[in-house]
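Spelled out from the first residue to the last, the chains are:
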Amino acid sequence: MTQPLLQVRDLVVRFGGRGKSATTVIDGVSFDLASGETLSLVGESGSGKTTIGRAILGLAPVTSGSIGFRGQTISGVSRARRRELARDLQVVFQDPYSSLNPSMTVGDILVEPLAAAGVAGGRARVRELLDAVGLPTDAAARYPREFSGGQRQRVAIARALALDPAVIVCDEPTSALDVTTQARVLRLFKDIQQATGVAYLFISHDLGVVNQISDRIAVLHHGKIVEIGDARQVATAPRHEYTRRLHMAAPVADPAKQRERRELRQALPAEGRS
Amino acid sequence: MALTLLKNLVRSLAVLLVVTFATFSLTFGNGPGIARAVLGMNARPEDVQREVIALGLDQPLLVQYGNWLKGALSGDLGASFYTGQTVTNALSSRVPVTLAIVVITLVLTAALSVLLGVTAAVKGGWVDRVLQFLSVLGTAVPAFIVAIVLVFAFAIAWRVLPATGYVSPEISLSGWLASVTLPVVALLIGSMASAAAQFRTAVLDTLSRDYVRTLRARGISERHVIFRHVLRNSAAPGLTVLSLTTFSLLGGAVFIEQVFALPGMGQLANQSAQINDVPMVMGTVLVTIVIVLVVNFLGDLATTVLNPKARTR
Amino acid sequence: MTENPRRGVLVRLLRNPQGAICLVYLLLVVLVAVTSPWLAPTGPSVTELDATSAPPFTAGHLLGGDGAGRDILSRLMWGSRQTVLACLIILAVSVVTGVLSGLAAGFYRGRFEAGASFVADVIMSLPGVVLLIALYALTGPNIPVAMAAFGLILAPTYYRLVRSVVLGVRNELYVDAARVVGLPDLRIVGRHVLWAVRAPVIIQSSFVLASGIGIEAGISFLGLGDPAAASWGIVLQESFNGIYNNPTAVVWPALVISLTILALVLLGNALSDVLQASARSKPLSPRARRAVLKAARREEVEEDSILVGSSDDVVLSIRALRVAYPVGGEIREVVHGVDLDVRRGEIHGLVGESGSGKSQVAFSTLGILPREALILGGSVLLGGDDLLEDGVKMRAARGRRIAYVPQEPMSNLDPSFTIGKQLAYGLRAVTSLSAQQARERLVELLTRVGINDPGRVMGLYPHEISGGMAQRVLICGAVAADPDVIVADEPTTALDVTVQAEVLELLRELSRERGLAMILVTHNLGVVADLCDVVSVMKEGRIVERADVETLFESPREAYTKELLSSSRSVELMEIQP
């Protein structure tokens, strides 16, 4: 078996002080991500899914455990090493409004990673990138506010692709978008993966969205992985009680099917009403 | 909550020490200069040297500060280098004058700025625009210029109120009222203008909250929404505005006392500084800082009481 | 707001009349300061016997002379040099100290931030004048040193401003993105943080200079300036001392000082209008508002809407509703004539994507649109009354006959009152219940909406309960007065799916039990399929398709509805295999 691209072992993240006052957000999480694969992390608010992504990117502190990339530890490394990792690890955030600096043109936003990595020939690469995400070339001279939410998210995807990374952490990249736009952006993610072989760590609260795009799915609950496995299996034959409840709770756009699902859900043992 | 208060208290004491030491270094820092000022410009160097020793200004600054602090704790702030009058004695007649003006202005500012701020925010339209214009004008013109205009109009042109001087309320209550009216008005215009503008912002901010819309949708009358919910939620920023107003009034009083020749703390500080009577300067600084810290402490206390998050913790 | 923010700040400032006048005036002051050695009629301390206390407009002495026989105009012109110098010193000291420490504190946080914030708090609470008086004891009359000290006293205003802007920017995802992309700290500060700080600092400088001029004049006025030099404050002091001999002499320095401060304050306001212009719409003036509404009403007469389907069980009817907002000088219509009927016991879904105007329709029925909104026409009919026509009837219906369930549970509870109190206020505002009766009713209802321990929950503050529980509380508040219709605006969007399912269940049960009509605004077709009887699909301010729920999902007519359906089905889960 080949070595996984990304290896997370017994990851623990605690916030806020020492001792009792600290809250444990991630409580011993382990998983691997293979090259070219899409692994999704699904959970509700407070499950810690976003924190895992931020820990991998070096934006959240790792309390214990380790994160490895191509066999080398990348948790708790220096800023200089982090900057090197920028070529391999990239991100697309949830909110396409605050993830793009309103004062920079789209062109400047896309040149920034290239300049930081010392890559020459930026402008030609910008055209390539815009093309790859389906934006017109003249978008480079315009400001983010001239674009819709979906188009901005395409800009954010182009920025993540700029350095040809091996992994992109996608943190709820479609949850701020309208449903028709969401479908198009998800298709774009798939197309890009086919063309470049990039691996995605896809973070979402929506089992349905995740099921569309994933090879494997991990379900998080209170900072722990309760179930991880093949996407089809997790989505259609969940083993864990919590996954089952998550599944049943998501309403489907069909009155008859939804009535059935509702009745099934009501038959489940009512656990932990808020 | 008790812990927060204790923390505030310790913090206040630390500020008191730091600030008094800093001002002490400023005022007592130049021993020979002080001695020369006391003796007059033509004093011989050896006389100056003797005076430095006589006033105890030759000792290390830290020792001098220690002595001052020790004295201060027992209510002894030293005496004037010129008249020999004790600082506490001088302050006891001066502080009430300043405090009276500041407190009266503060109370009026609080009442009027809440009224104007809420009216401007709730009414909107031309009422808001007129009030905003007046508040820019009121904030921009310094209090001492307002004071001069008032002297010019009321005391010189129309001769209805005394221009200068102070009458103690023990001698004549109406005389006292007449003597503090113009100073209070001069301070009030600026402080009210800026406090009302800030209060307006606070009320507008609360009015834009989601829960205000929900309260209205629940059928609660506009009067209750404003007076019960909006005012209650604007109270904490309003208190901050008032404590900042107090600090700026203490500063403004210095100028006002100069214009109206009021025998207050500011005038004492100013006159003493000009003749290098440093124990007096130090005394007024101490009183000012204590007032500031007490106001701060009370403000924090009130904010804690007002904020359910801080209270229930 | 499509103008380039980098270009033309000066041009836009000059186009703003207030900004242009202030800028010209201030430039004039600087010009006089620079050229006074050549332009001033006499030197600052030249005395002439016939100028002593001369009234204004005397030959050779435009503004008259002071008590010592010096030309007031000349002295004011020379004095402007000290004013400009003082401004430069204050600005340099306060900007450098305040901005640098604010940047460092905001970006690196930690101990430095704690220490710097402490110092800033202390300095801000001390009256600056008192410190300057204390300083005078050390330095004597020395305006540059006093102004540098005053610069330090003002530095905390920049520190606080910059720190809070930087803290805000730090939380922006684009700064995180810059980190991930591999930008070094210094580049991030230079590229992303400095830009955000620039505009507020420029605006603040205007106000700082205003208070600088005030304090410079004030200190000289107190007699702490250099008596030999000419400055505005000293001219003022001298004229004030001679106010009984020559009262008008006071006018000129007072006027110059006040005008200059006023110009700086107004310039600051104009700058903030230009630099921080928001795209948010502002309320129209009452007159403009009446004009717009009148024009719209005239148009409407030709349209004449048909009153359809007013059968007996219709509880609430919306007819030809049009809503608009003033945006940058024009009136933008966001709802173009919407008709809608809700029947007793019916849950009517209003579906659309963001910007379709669905929430505007919901707010209109309750009369809780933002202040700047304009209802151009239409009616909301409840039991034969047009609520839009009659404000009194609208207020009487709100809470009592039409109730509201909002989107964000947490921000829709008043943080300063306990749950029990705010629910009781609402209930007692629309009923004649006593406090005790209201409490009993609420305990019962809270139990009904699924809160196990109502007595305890009523004593809690909003921050002490979870989002799901807060939404149950808000639903309880909506149904408390037994309304006929509930308008629910995306009531489950902010909730987790498992909580969403429970809240949907609750809404369905309540509707059935009480025969409640409901308008359910949502973007989620799954929620519609779960709960609604009838669906209206909205797009760009219009209802494009309406049908009962089975028909709409089985055989949608409009292309837009089909696209919505296929998009949301593409991210849907298959059935669980047994």
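Right above here is the structure, for reference.
Residues numbered from 1 in each chain as written. Chains lettered and ligands numbered in written order. Predicted model: local features only at pLDDT ≥ 70, side-chain atom pairs only at ≥ 80, totals over all residues.

> Please explain the overall build of chain B as it appears in this structure.
Secondary structure assignment for chain B yields 13 helices and 0 strands. Mapped from its N terminus to its C terminus, chain B presents α and β elements in the order α-α-α-α-α-α-α-α-α-α-α-α-α. (Helix = DSSP H or I, 4+ residues; strand = E, 2+ residues; numbered from the N terminus.)

> How should the interface of chain A and chain C be read in this particular structure?
Many authors give the size of an interface as the accessible area that is lost as the parts come together. Between chain A and chain C, the contact holds 50 residues from the first and 50 residues from the second. Among the elements of the structure, strand E6 (89-92), helix H3 (106-116), helix H6 (179-196), helix H7 (207-213), helix H8 (231-236), helix H9 (241-249) and helix H10 (255-267) of chain A are those that each provide at least two residues to the side of chain A that touches chain C. In terms of residues, the side of chain A that touches chain C owes the most to one element, H7(A), which gives 5 residues. Its residues assigned to classes, the side of chain A that touches chain C shows 23 nonpolar, 15 polar and 12 charged. (Contact = placed C-beta atoms within 7 Å. Nonpolar A, V, L, I, M, F, W, Y, C, P; charged D, E, K, R; others polar.)

> When you look at the interface of chain B and chain C in this model, what are you seeing that I'm missing?
Taken together, the contact pairs 56 residues of chain B with 58 residues of chain C. Only helix H1 (2-28), helix H6 (125-140), helix H7 (143-157), helix H9 (210-217), helix H10 (222-260), helix H11 (265-274), helix H12 (278-306) and helix H13 (308-311) of chain B provide two or more residues apiece to the side of chain B that touches chain C. Of the residues forming the side of chain B that touches chain C, the biggest block, 10 residues, is contributed by H10(B). Residue classes in the side of chain B that touches chain C are distributed as 28 nonpolar, 21 polar and 7 charged.

> For this particular structure, what's the right way to read unusual backbone geometry?
Most peptide bonds are trans, and most residues other than glycine sit at a negative phi. Phi at Arg70(A) takes a positive value of approximately 50°, unusual for a residue other than glycine. Relative to the helices and strands, Arg70(A) resides in the loop between strand E4 (64-69) and strand E5 (72-73).

> Hey, could you run me through H6(A) in this one?
Along an α-helix, a turn takes 3.6 residues, which lines up residues three or four apart on a common side. Under the 1.5 Å per step criterion, the end-to-end length of H6(A) is 26 Å for 18 residues, consistent within 8% with the ideal 26 Å. Burial in H6(A) covers these residues: Val179(A), Gln182(A), Ala183(A), Val185(A), Leu186(A) and Phe189(A). Looking at the buried positions of H6(A), the neighbouring elements they touch are helix H5 (149-161), strand E8 (199-204) and H7 of chain A together with helix H21 (559-570) of chain C. (Expected span 1.5 Å × (residues − 1). Buried ≥ 20, exposed ≤ 12 C-beta atoms within 10 Å, placed from the backbone.)

> I keep staring at the sheet that holds strand E8 (residues 517-522) of chain C and nothing clicks. Help me out?
Sheets are built from strands that pair by backbone hydrogen bonding, the pairs being arranged parallel or antiparallel. Residues and elements named next belong to chain C. The strand order across the open sheet formed by 6 strands is E6-E7-E8-E3-E9-E10, and the pairing between neighbours is mixed. Each edge of the sheet is formed by a strand with only one pairing partner; in this case those strands are strand E6 (402-405) and strand E10 (542-548). With strand direction ignored, the average angle separating the axes of adjacent strands in the sheet is 20°. Pairing of strand E3 (residues 347-351) with E8, which is carried by 5 bridges, proceeds in the parallel orientation. (Pairing = 2+ DSSP bridges. Axes fitted to C-alpha atoms, helices over the stretch in contact; angles between N-to-C directions.)

> Would you mind going over the sheet that holds strand E5 (residues 385-386) of chain C with me for this structure?
All names here are of chain C. Taken together, the 4 strands give an open sheet; going across it, the order is E2-E1-E4-E5, and neighbouring strands pair in antiparallel fashion. The two strands at the open ends of the sheet, each matched to only one other strand, are strand E2 (330-343) and E5. As defined by bridge partners, strand E1 (residues 314-327) adjoins E2 across 11 bridges and the pair is classed as antiparallel. Within E2, the residue paired with Tyr 325 across the bridge is Arg 332.

> Where do I start with helix H4 (residues 110-125) of chain C in this structure?
In this model H4(C) runs 23 Å from its N-terminal to its C-terminal C-alpha over 16 residues, within 8% of the 22 Å that 1.5 Å per residue would give. Regarding H4(C), the residues found buried are Ala116(C), Ala120(C), Val122(C) and Ser125(C). Where H4(C) is buried, its residues touch H1, H10 and H12 of chain B together with helix H3 (72-108) and helix H6 (143-170) of chain C.

> Even after reading the chapter, I still don't get the pairing of E6(C), so can you show me in this structure?
All names here are of chain C. The alternating pattern of E6 places Ile 402 and Tyr 404 on one face and Ala 403 and Val 405 on the opposite face, and all of these are buried. As paired strands, E6 and strand E7 (residues 485-489) are joined by 4 bridges and run parallel to one another. Looking across to E7, one finds that Ile 402 is bridged to Val 485.

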